Amino acid sequence: MKKLLIIASLLLAQLPAVAQVLVVQAVERVPVEAVSDLKVAAFSPDGDCLLLTTMGNKGLYRLNLADNALLTVSEEDGAGYQPRITDDGSRIVFRLKHTDDRHLRLTQVNGYNVATGELEQLLAPTHELSAVALSGNTAVTVENGVTRRHALRAGGSGNDVAPVAFVKNRQLMLTVGGVTRAFSPCGTNESYIWPSVSPDGQRVLFYVSGRGAYVCRTDGSELTELGQLRAPQWYGNDVVVGMNDVDDGHEIVSSGIVASTLTGQQQTLTTDSVIAIYPQTAAGAGRIAFSTPSGELYIITLDK
């Protein structure tokens, strides 16, 4: 990989000596000048590219980390909200926002072919979209409790689809085998955000407002509290990473990227010299990307 990253070696020297969940090799800044106000929206599974958007999720850009080339996928509102990249990096799935004649919000799902630049509408604008996920070469949408499969390339329409977790009316929902059910393992009086399913489809990760991050099995058993890991993401099947941001009521004044085992052993991967927010992971490549409130981008390189 071409060395266009600025190595922040001092960050590593300042890391405290604690029990390690992950072994940090480098923390590097990624210089991107073409677009301001950027944050990381997704990391390709192979660790070769980042999907970037603005802080308000407007626009979607693909950054090739080999040559620092920035490609515009979309400039539309909402395009940067939870985009997905297929395992082989050939397709990007993202949402677009629309407003109908009654000023009600509609959401459309598109597929983008990285090689050709072609766009494909996977799901027409709808009021009822609950979730978008990827399962191999298949995009999965959940619309009003109905699961649909959208083949992105030949061989991408198999019947085995990983569970999908999403939030509806502040409650955690889980779709397994095409059947959606109320989940909410911490009770229905709580507000749930940031849900996701582990890569092996066995566990659900989520955050309960005012309480913290939790993980449990898809049947609700083995519920474990992980603490204040906001915007949590899976790093493989056994580690979770998130941010421990602190604000003064107006802006974030400090934040670090924290890794946690499923039993709650934790390690801070960054230092106080950078305000690290919204991590995205590429566990197979041993990488975690994060942003700062000022729009800087960083990559943490780890021992695999």
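Structure shown above.
As for the state of the cysteines
A covalent bond between the sulfur atoms of two cysteines is what we call a disulfide.
In step 1: Summed over the entire model, instances satisfying the criterion amount to 0 disulfides.
In step 2: With no disulfide of its own, Cys 186 lies closest to Cys 216 among cysteine sulfurs, the gap being 7.6 Å.

Description of the nonpolar core
In step 1: Formed by 20 residues in total, the largest nonpolar core has its most connected members in Leu 22, Leu 269, Ile 288, Phe 290 and Ile 300.
In step 2: Elements with a contribution of two residues or more to this core: strand E2 (24-30), strand E21 (230-235), strand E22 (239-243), strand E25 (257-261), strand E28 (287-291) and strand E29 (297-302).
In step 3: In this view, Ile 300 contacts Val 24, Ala 26, Val 27, Ile 257, Leu 269, Thr 270, Gly 286, Arg 287, Ile 288 and Phe 290; residues no more than four positions away in its chain are not counted.
In step 4: Grouped together as the second largest cluster of nonpolar side chains are 15 residues, Leu 38, Val 40, Leu 52 and Leu 297 included.

Re the sheet that holds strand E10 (residues 119-126)
In step 1: Spatially, E7-E8-E9-E10 is the arrangement adopted by the 4 strands of the open sheet, whose pairing is antiparallel. Only two strands of the sheet have a single partner each, and these edge strands are strand E7 (84-85) and E10.
In step 2: Two strands pair when backbone bridges link them, and E7 and strand E8 (residues 91-99) are joined in this way by 2 bridges, in the antiparallel orientation. Considered in E8, the bridge of Ile 85 is made with Ile 92.

Considering unusual backbone geometry
In step 1: With a phi angle near 40°, Ser 184 is a residue other than glycine that sits in the positive phi range.
In step 2: Inspection of the secondary structure puts Ser 184 in the loop between strand E16 (179-182) and strand E17 (192-197).
In step 3: We classify Ser 184 as buried; its relative accessible area is 9%.
In step 4: One non-glycine residue with positive phi stands out, namely Tyr 278, at about 50°.
In step 5: Relative to the helices and strands, Tyr 278 resides in strand E27 (residues 277-282).
In step 6: By relative accessible area, which is 28% here, Tyr 278 ends up partly exposed.

A short note on the side chain of Thr 292
In step 1: In this fold, Thr 292 is placed in the loop between E28 and E29.
In step 2: Within polar-contact distance, the side chain of Thr 292 engages the side chain of Ser 294 at 3.0 Å.
In step 3: If we ignore the near neighbours within four places in the chain, the residues touching Thr 292 are Met 55, Val 274, Ile 275, Ile 277 and Tyr 298.

Examining the pattern of salt bridges
In step 1: For the structure shown, the criterion picks out 7 salt bridges.
In step 2: For Arg 148, the salt bridge identified is with Glu 143, shortest N-O distance 2.6 Å.
In step 3: Judged by relative accessible area, Arg 148 falls into the partly exposed class, the value being 36%.
In step 4: Relative accessible area serves as the criterion here: at 16%, Glu 143 is assigned to the buried category.
In step 5: Three or more residues are tied together by salt bridges with common partners; here these are Arg 203, Arg 217 and Glu 222.

A word on the environment of Ala 151
In step 1: When you line up the elements, Ala 151 lands in strand E13 (residues 146-151).
In step 2: Taking the relative accessible area as the measure of exposure, Ala 151 reaches 37% and is therefore partly exposed.
In step 3: Each C-alpha atom of the pair Ala 151 and Gly 111 lies 10.0 Å from the other, and the pair is 40 residues apart in sequence.

Comments concerning the sheet that holds strand E12 (residues 138-143)
In step 1: Pairing within the open sheet is antiparallel, and its 3 strands lie in the order E11-E12-E13. Edge positions in the sheet fall to strand E11 (129-135) and E13, since each of these pairs with one other strand and no more. Across this sheet, the average inter-strand angle for adjacent strands is 20°, counted without regard to direction.
In step 2: As judged from the 6 bridges shared by E12 and E13, these two strands associate in the antiparallel manner. Its bridge partner being in E13, Val 140 is matched across the sheet by Arg 149.

Regarding the side chain of His 150
In step 1: Along the chain, His 150 turns up in strand E13.
In step 2: A residue is classified by how much of its surface remains accessible, and His 150, at 11% relative accessible area, is buried.
In step 3: A distance of 3.1 Å separates a polar atom in the side chain of His 150 from the backbone oxygen of Leu 122.
In step 4: Side chain to side chain, His 150 and Thr 141 meet in a polar contact 2.9 Å long.

What about the packing of aromatic side chains?
In step 1: Within this structure, the stated rule accounts for 4 aromatic pairs.
In step 2: On the basis of an interplanar angle of 50° and a centroid distance of 5.6 Å, the ring pair of Tyr 192 and Phe 206 is categorised as tilted. On the criterion of sequence distance, the pair formed by Tyr 192 in strand E17 and Phe 206 in strand E18 (residues 203-208) is long-range, its members being 14 residues apart.
In step 3: You can call Phe 206 buried: its relative accessible area is 0%.
In step 4: Look at Trp 194 and Tyr 207: their rings are 5.3 Å apart centre to centre, the planes differ by 70°, and that puts the pair in the edge-to-face class. Of this pair, Trp 194 sits in strand E17 while Tyr 207 sits in strand E18, placing them 13 residues apart in sequence.
In step 5: Taking relative accessible area as the criterion, Trp 194 reaches 25% and is therefore assigned partly exposed.

Quick notes on the rules
Residues numbered from 1 in each chain as written. Predicted model: local features only at pLDDT ≥ 70, side-chain atom pairs only at ≥ 80, totals over all residues. Heavy atoms only, no water. Disulfide = S-S within 2.5 Å. Core = buried A, V, L, I, M, F, W, Y, C linked by side-chain atoms within 4.5 Å. Buried < 20%, exposed > 50% of the residue type's maximum accessible area, 1.4 Å probe, protein only. Helix = DSSP H or I, 4+ residues; strand = E, 2+ residues; numbered from the N terminus. Contact = heavy atoms within 4.5 Å. Pairing = 2+ DSSP bridges. Polar contact = N/O pair within 3.5 Å; in protein donor to acceptor, adjacent residues only side chain to side chain. Salt bridge = Lys/Arg side-chain N within 4 Å of Asp/Glu carboxyl O. Axes fitted to C-alpha atoms, helices over the stretch in contact; angles between N-to-C directions. Phe/Tyr/Trp six-rings, centres within 6.5 Å; stacked < 30°, edge-to-face > 60°.

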